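# A structural walkthrough
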Amino acid sequence: MHSLPPNPVDPDRRRFLLRLTKTGLAALAAGAIGYRFFDPNPPSGAPKEGSGARLADFSINGSGPQMAIVRGGQREKTVQSALAALGGIERFVRPGDRVLLKVNAAFASPPSLNATSHPELVKTVAGLCLKAGAGRVIVTDNPINDPQSCFDLTGISRAAKESGAEVMLPATRYFRPVTVPGATLLENWPVLFEPFRFVNKVIGLAPVKDHHRSGASMTLKNWYGLLGGRRNIFHQDIHTIITELGMLMRPTLVILDGTQTMMQNGPTGGSLSDLKDTNTMIVSTDAVAADAFGASLLERRLSDLPHIQSAAEAGAGTADWRSLNPAMIEIG
Amino acid sequence: MERTQLTGKTETIISIVILTLLVAIGTSVFYRQSFFNPAVLTATVPDRASTAEKDQQDGSPATSIVPLPGSVIPLSAPERFDPETLSDKINGKAELYLSAGFQRLETQRFRLRDTAEAWMELFLYEMGNPENAFAVYSSQQRDNAQPLDVSRFAYRTENALYWVHGSNYAELIASEPSESLQQAMLAIAKSMVSGRKVEKQGVDLPSIFPTRDRIKDNITLIPSDAFGFSRLDRVYTAEYQIPEGTFTAFLSDRGTPEKALDAAEAYRSFLLEFGGRQLESPVKGETASGLMVVEILGSYEVIFSRGRFLAGVHEAPAIMPALELAKSMKSQIDAFITSQSR
């Protein structure tokens, strides 16, 4: 009897192995494509409690005047007078201090339009800090438009250079996710963090402006220029974001420039007829109080600017600026 | 031969495991993707260069978006923005344009050839139609502006020109008030207007508003939510000054008489819902018929429809002047309709 030939491979098993091979190759191909898109440093998903960096508190402790309001038409004189009324720049800036001037350089606008911090003011304040012995003065902002154009066309670059300060333009690597405790919007949000690593004093400089969404743009809104990412989404909840900006930043000083006020068509303005000579300079350790007074220059009530009261309720300062017993000075 | 089973039990189990693994991978990817974080979409400085044309190799800006007079040269490359990126240029003001039908923005800076410090920036908004362009023009119109002979709706201030041309709204803003910049800007504006043919120049409805007691050049087009009522959109308004105070006349083309009547009724109901009290008109007769009068919060509203138009008076301090103005508007609307039918 002849033996049967070796059992040929079961055709069913052959078909299965073929299918398995094809499937395996497809899975490998999918895996290869997936690996191509793999991000070893993925964005975080839902915000984690306590995650993200925090900015330091740059406010100074101790007693002493907290607010000065000076009436006059020349920025160099009014800001010096206001600082003198608060004890002089030396009260806030000591020899060796490293100072950050957070300006409003949001738009590539000429100084005449009052849409940005005035270069005269930047130059004066930077010069005063250096004269007080500051080791370094940095001027920065994250503008809406191209940063170089903004700093150049606003005159702020030149003003900084002439005073001996340095401009730090925003760069990708300068942003870090920051979380503000108690905030609903500023959770793990990219903030221009790098300049703050080198400084121990922060001064905000902002013009008084109308704003189409929030009603006003003053010292609290000025911190918007620290935000990165697609920050324009915050326009949908503008009063909350301004409140949280007040929670984000505890500056040494704020300087609210009401020499001219943009009464309408803010925040960009465009026509000199949008401006009114209000001839007022406000310097304060309390941004909320400064803005509460600034509302009067815009001929707005506090109820028209709900972010001021909500910033006060969040502990960022006081809306009752009179309670600070400000020095009121008139200069010719 | 009898067909045998294609797969055995082991093969089936392996297949199920593989499929289950694939489903699990897909599910986990979907789950992670659901936690969208807009902060990280661009957690860096946006690439603004992508919105601007590249300069020429010699460093001079590329093309100009409008013909330039010989005294003016480009200072920067053109930039272009769409509804997604408009706020990258004008920040919080973007909503004003977006709510009015904005489509795109072209901007560019120029300077005087012989004065580097004297520069200007042109903002050219494409709003989709002349009505939208008029809406953003009128809502930002400055008081005490001077007339500008560039187009039907145009004015100038000390350092800027503003005008409407077809579906475009344009702003030309100078770095400082100077005669030489004004001359250059005027030349640019005129060349822009003459170089761009349009089907329809401006809007016609403002001419309906009676001129008596009207505050000059104070006609505005509200694109939406006029007087706090969501159903009132595309409403023209004009301000009037009388001894008792100021008040507003309004006018809106609703398309058909039925829609105009419906809008009038809806606005009347809206006012009554918020505490208004409908009054009987003190004036009788044909010219007063169809006028609905509502007293609310100490002022008077007069509402009516005429043909396809909704019209009336808003926040009048006294009833008789309001009724007089409403009757006058009725006549104007009738004349307008007649002229259009010829």
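Note that this is a predicted model, so its numbers are computed, not measured.

### Overview of the interface of chain B and chain A
Contacts between the two partners involve 45 residues from chain B and, on the opposite side, 56 residues from chain A. Here chain B meets chain A over a buried area of about 3,900 Å², counting both sides, of which 55% is carbon and sulfur. Summed over the shared surface of chain B and chain A, the number is four salt bridges. In this structure, B:Glu11 engages A:Arg13 in a salt bridge whose closest nitrogen and oxygen atoms are separated by 3.8 Å.

### Here we look at the pattern of salt bridges
All names here are of chain B. Under the defined criterion, the tally for this structure stands at 29 salt bridges over all chains. For Arg234, the salt bridge is made with Asp233, and the minimal N-O distance between the two is 3.9 Å. Exposure remark for Asp233: the relative accessible area of 24% places this residue in the partly exposed category. Measuring nitrogen to oxygen at the nearest pair gives 3.2 Å for the salt bridge that ties Lys327 to Glu324. One end of the pair is Lys327 and the other is Glu324, both in helix α8 (residues 319-341) and three residues apart, which spans about a single turn. Residue Glu324 is classed as partly exposed on the basis of its relative accessible area of 43%. Salt bridges sharing partners connect three or more residues here, namely Glu79, Lys89, Arg109 and Glu121.

### Side note on the sheet that holds strand β15 (residues 309-316) of chain B
Residues and elements named next belong to chain B. Across the sheet, which stays open at both edges, the seven strands sit in the order β9-β10-β11-β15-β14-β13-β12 with antiparallel pairing between neighbours. Strands at the two margins of the open sheet, each flanked by one partner only, are β9 (214-222) and β12 (277-279). Between one strand axis and the next, the sheet turns through 25° on average, direction left out of account. Judged from the seven bridges that link them, strand β10 (residues 235-242) and strand β11 (residues 245-253) form a sheet pairing that is antiparallel. Considered in β11, the bridge of Tyr236 is made with Leu251. Against the sheet, helix α5 (residues 130-139) contacts β9 and β10, and its axis sits at roughly 125° relative to β9. Strands in contact with α8 are β10, β11, β12, β13 (292-296), β14 (299-306) and β15; relative to β14, the strand with the most contacts, it is inclined by about 20°.

### As for the confidence of the model for chain B
Close inspection of predicted coordinates is inappropriate for parts of the model with low pLDDT. Residue and element names in this part refer to chain B. Per-residue pLDDT for chain B averages 87, and the proportion of residues at 70 or more is 86%. Within chain B, helix α2 (residues 38-41) has the poorest average pLDDT of any element, 48, and strand β8 (residues 168-174) the best, 97. Long-range and interchain partners of residues 40-59, a stretch whose pLDDT sits below 50, account for 40 contacts in this model, where long-range means more than four residues apart. Interface confidence in the predicted complex, given as ipTM, is 0.80; pTM for the same model is 0.80.

### Regarding the environment of A:Leu153
Among the structural elements, A:Leu153 can be located in helix α4 (residues 147-153). Separated by 48 residues in sequence, A:Leu153 and A:Ala105 have C-alpha atoms that sit 9.4 Å apart. Leave out the neighbours within four places in its chain, and A:Leu153 touches A:Ala108, A:Ser109, A:Pro110, A:Pro111, B:Arg109 and B:Trp119.

### Some remarks on the pairing of strand β3 (residues 104-112) of chain B
All names here are of chain B. For β3, a buried count of eight out of nine residues is recorded, marking the element as mostly surrounded by other parts of the structure. Looking at chain direction, strand β1 (residues 72-74) and β3 are connected through three bridges and run antiparallel. Bridge pairing in β3 links Val72 to Leu112. Two elements, strand β2 (residues 79-81) and β3, share three bridges in a ladder whose sense is antiparallel. Looking at the pairing, Glu79 lines up with Thr107 of β3.

### So, the side chain of A:Arg75
Residue and element names in this part refer to chain A. Its location among the elements puts Arg75 in helix α2 (residues 75-85). Side chain to side chain, Arg75 and Asp257 meet in a polar contact 2.6 Å long. The contacts of Arg75, once residues within four sequence positions are left out, are Asn114, His118, Glu120, Leu121, Asp257, Thr259, Gln260 and Met281.

### Details of the pairing of strand β9 (residues 275-284) of chain A
All names here are of chain A. Most of β9 sits out of view: seven of its ten residues are buried. The pairing of strand β1 (residues 67-71) with β9 spans five bridges and is antiparallel. Of the residues in β9, the one forming a bridge with Ala68 is Val283. As defined by bridge partners, strand β8 (residues 253-262) adjoins β9 across eight bridges and the pair is classed as antiparallel. The residue of β9 that forms the bridge with Leu256 is Ile282.

### Topic: the packing of helix α8 (residues 238-248) of chain A against helix α10 (residues 306-313) of chain A
Residues and elements named next belong to chain A. It is the contact of α8 with α10, at a shortest axis distance of 8 Å, that shows an interaxial angle of 40°. Between α8 and α10, the crossing angle belongs to the class labelled oblique. At the point where α8 passes α10, the crossing takes the right-handed sense. Residues His239, Ile242 and Thr243 of α8 touch α10, and the partners they reach there are Pro306, His307, Ser310 and Ala311. Looking at the contact of α8 with α10, its residues break down into three nonpolar, four polar and no charged.

### Focus on the environment of A:Val122
Residue and element names in this part refer to chain A. With respect to the helices and strands, Val122 occurs in helix α3 (residues 119-131). Residues Val122 and Ala165 lie 43 residues apart in sequence; the distance between their C-alpha atoms is 9.5 Å. Once residues within four sequence positions are removed from consideration, Val122 is found in contact with Leu101, Val103, Ser117, Val139, Ile156, Ala159 and Leu205.

About the criteria used
Residues numbered from 1 in each chain as written. Chains lettered and ligands numbered in written order. Predicted model: local features only at pLDDT ≥ 70, side-chain atom pairs only at ≥ 80, totals over all residues. Heavy atoms only, no water. Contact = heavy atoms within 4.5 Å. Buried area = accessible area lost by both parts, 1.4 Å probe. Salt bridge = Lys/Arg side-chain N within 4 Å of Asp/Glu carboxyl O. Buried < 20%, exposed > 50% of the residue type's maximum accessible area, 1.4 Å probe, protein only. Helix = DSSP H or I, 4+ residues; strand = E, 2+ residues; numbered from the N terminus. Pairing = 2+ DSSP bridges. Axes fitted to C-alpha atoms, helices over the stretch in contact; angles between N-to-C directions. pLDDT = per-residue confidence, 0-100. Polar contact = N/O pair within 3.5 Å; in protein donor to acceptor, adjacent residues only side chain to side chain. Parallel < 35°, antiparallel > 145°, perpendicular 65-115°, else oblique. Left-handed = near helix turned anticlockwise from the far one by under 90°. Nonpolar A, V, L, I, M, F, W, Y, C, P; charged D, E, K, R; others polar.

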